[in-house]
Amino acid sequence: MQQTKYCKLVNKYKPQEERLFNMAKAFLIGGVLGIIGHSLWQLYCVVLAMGEKEAAIVTTITLIFIASLLTGLGFFDSWVKFARAGLIIPITGFAHAMTSTALEHKQEGFVTGIGSNIFKLSGSVILYGVLSAYVFGLIRLLIFGG
Amino acid sequence: MTYLYAFLFAGAVCLIGQVILDNTKLTPGHVTSLFVIVGAFLDIFNIYDKFVLWAGGGALVPITSFGHLLIHGALDKAQEYGIMGLAMGMFDLTASGITAAIIIAFFITLIFKPKN
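What counts as what
- Residues numbered from 1 in each chain as written.
- Chains lettered and ligands numbered in written order.
- Predicted model: local features only at pLDDT ≥ 70, side-chain atom pairs only at ≥ 80, totals over all residues.
- Heavy atoms only, no water.
- Helix = DSSP H or I, 4+ residues; strand = E, 2+ residues; numbered from the N terminus.
- Rg over C-alpha atoms; globule rule 2.2 N^0.38 Å.
- Buried < 20%, exposed > 50% of the residue type's maximum accessible area, 1.4 Å probe, protein only.
- Areas by Shrake-Rupley, 256 points an atom, 1.4 Å probe, with all protein chains shown as cover.
- Lys, Arg positive; Asp, Glu negative; His and termini not counted.
- Charge placed at Lys NZ, Arg CZ, Asp CG, Glu CD.
- Contact = heavy atoms within 4.5 Å.
- Polar contact = N/O pair within 3.5 Å; in protein donor to acceptor, adjacent residues only side chain to side chain.
- Axes fitted to C-alpha atoms, helices over the stretch in contact; angles between N-to-C directions.
- Parallel < 35°, antiparallel > 145°, perpendicular 65-115°, else oblique.
- Left-handed = near helix turned anticlockwise from the far one by under 90°.
- Phe/Tyr/Trp six-rings, centres within 6.5 Å; stacked < 30°, edge-to-face > 60°.
- Lys NZ or Arg CZ within 6 Å of the ring centre and 35° of its normal.
- Salt bridge = Lys/Arg side-chain N within 4 Å of Asp/Glu carboxyl O.
- Nonpolar A, V, L, I, M, F, W, Y, C, P; charged D, E, K, R; others polar.

Caption draft 1: A look at the overall build of chain A. Regarding its fold elements, chain A presents 7 helices and 0 strands. Going from N to C terminus, chain A has its helices and strands arranged as α-α-α-α-α-α-α. Taken over the C-alpha trace, chain A has a radius of gyration of 21 Å; the compact-globule value for 146 residues is 15 Å, which it surpasses by more than 25%. When its C-alpha atoms are laid out on the principal axes, chain A stretches across 65 × 45 × 40 Å. Split into buried and exposed, the 146 residues of chain A put 42% on the buried side. Carbon and sulfur atoms form 68% of the exposed surface of chain A, whose accessible area is close to 8300 Å². Both charge centroids of chain A, one from 12 positive and one from 7 negative side chains, sit 13 Å from each other.

Right under this line is the structure:
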């Protein structure tokens, strides 16, 4: 009797705590990535004397490069499993999705393997991004005049 | 101060993503697609522009900025060419990121071996 009660209690509280822990992890890791992004942006602006737009582009490329490289080296999969949304929502998740699916299907050849699988997961981001940007852009153009 | 805002903004976006992942059956693919749509939607009213001014690089790191950049590229060209411009400028601002991601992913795939 006591044991079943105990199990019920455990099951009641266990997922809750896990969720709080997951939320804290996502917030901290995502936040740190935000700081890294802003630091890189400032660094490129000041040290390399780039314009704000160019520096933002180079910052994005830097993050994509680091995420892809770490995926290739094999660290990133376990990091994503640990951090979840903290690494999936930033641009690192996009790079990770492309590199990992391409690597996974590498053996099937250049066209049917890498070529047709590189956008397997990240394709939906591009599809719905373009679709929504077109629809919302049209709305803004017609109602607010651009 | 912008560093603190960058931390708070990027952290908050990831936190929302984690809450959605934990409490619904949506996969990470669903959540990232949803966030891109939200990023584009917020810029109907120039809201995401304010986040970028406020949080700097912290607003450029989450995937929501992809939607923000898509709609701004489209609208910039639309100023010049009208509705046709929406399609012409769609990838103007994101082209560098997508190109870099494709090229880097391809060469990383060539160099490294899959885990299993």
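Caption draft 2: Up close: the overall build of chain B. Each helix and strand counted, chain B has 7 helices and 0 strands in total. If you list the helices and strands of chain B from N to C, you get α-α-α-α-α-α-α. Relative to its full complement of 116 residues, chain B shows a buried share of 51%. Sequence-distant contacts in chain B: of pairs separated by 6 or more residues, those separated by 24 or more amount to 46%. On chain B, roughly 5400 Å² of surface is accessible, and the fraction owed to carbon and sulfur atoms is 72%.

Caption draft 3: Inspection of the side chain of Ser68(A) at higher detail. Take Ser68(A): it is sitting in helix H2 (residues 52-73). Here the side chain of Ser68(A) touches Thr99(A) through a polar contact of 3.0 Å, side chain to side chain. Leaving out residues up to four positions away in the same chain, Ser68(A) has contacts with Ala95(A), Thr99(A), Ile104(B) and Ile108(B).

Caption draft 4: A look at the packing of helix H7 (residues 123-143) of chain A against helix H5 (residues 64-81) of chain B. Contact geometry for H7(A) and H5(B): axes closest at 9 Å, N-to-C directions at 45°. As summarised for this structure, H7(A) and H5(B) are arranged oblique, according to the angle between their axes. The hand of the H7(A)/H5(B) crossing is right-handed. Contacts between H7(A) and H5(B) involve Val125(A), Ile126(A), Gly129(A), Val130(A), Ala133(A), Phe136(A), Gly137(A), Arg140(A) and Leu141(A) on the former and, on the latter, Phe66(B), Leu70(B), Ile71(B), His72(B), Leu75(B) and Ala78(B).

Caption draft 5: Spotlight on the packing of aromatic side chains. Within this structure, the stated rule accounts for 13 aromatic pairs over all chains. Considering the side-chain rings of Phe76(A) and Trp79(A), the 6.0 Å spacing of their centres and the 50° angle between planes classify their relative orientation as tilted. With Phe76(A) and Trp79(A) both in helix H3 (residues 76-83), this residue pair falls 3 residues apart, about one helical turn. The exposure class of Trp79(A) is partly exposed, given its relative accessible area of 42%. Each ring, one from Phe136(A) and one from Phe41(B), has its centre 5.3 Å from the other, and the planes form 70°; the classification is edge-to-face. Here Phe136(A) is found in helix H7, whereas its partner Phe41(B) is found in helix H2 (residues 28-42) on a different chain. Overall, the relative accessible area of 15% leaves Phe136(A) in the buried class. What links up through ring pairs into an aromatic cluster is the set Phe136(A), Phe144(A), Phe41(B) and Phe45(B). Taking the ring centre of Phe82(A) as reference, the NZ or CZ of Lys25(A) above it sits at 4.4 Å.

Caption draft 6: Spatial organisation of the environment of Gly51(A). The topology assignment puts Gly51(A) in the loop between helix H1 (2-46) and H2. When the C-alpha atoms of Gly51(A) and Tyr134(A) are compared, they prove to be 28 Å apart, with 83 residues separating the residues in sequence.

Caption draft 7: Layout of the interface of chain B and chain A. With 68 residues of chain B at the contact, the number on the chain A side is 65 residues. At the boundary of chain B and chain A, one finds 0 salt bridges. Summed over the shared surface of chain B and chain A, the result is 12 residue pairs in polar contact (both at pLDDT 80 or more). Within the residue set of the side of chain B that touches chain A, elements represented by two or more residues are helix H1 (2-23), H2, helix H4 (57-60), H5, helix H6 (83-89) and helix H7 (95-111) of chain B. At 17 residues, the largest contribution of residues to the side of chain B that touches chain A is made by H1(B). Tallied by class, the residues present in the side of chain B that touches chain A amount to 46 nonpolar, 18 polar and 4 charged.

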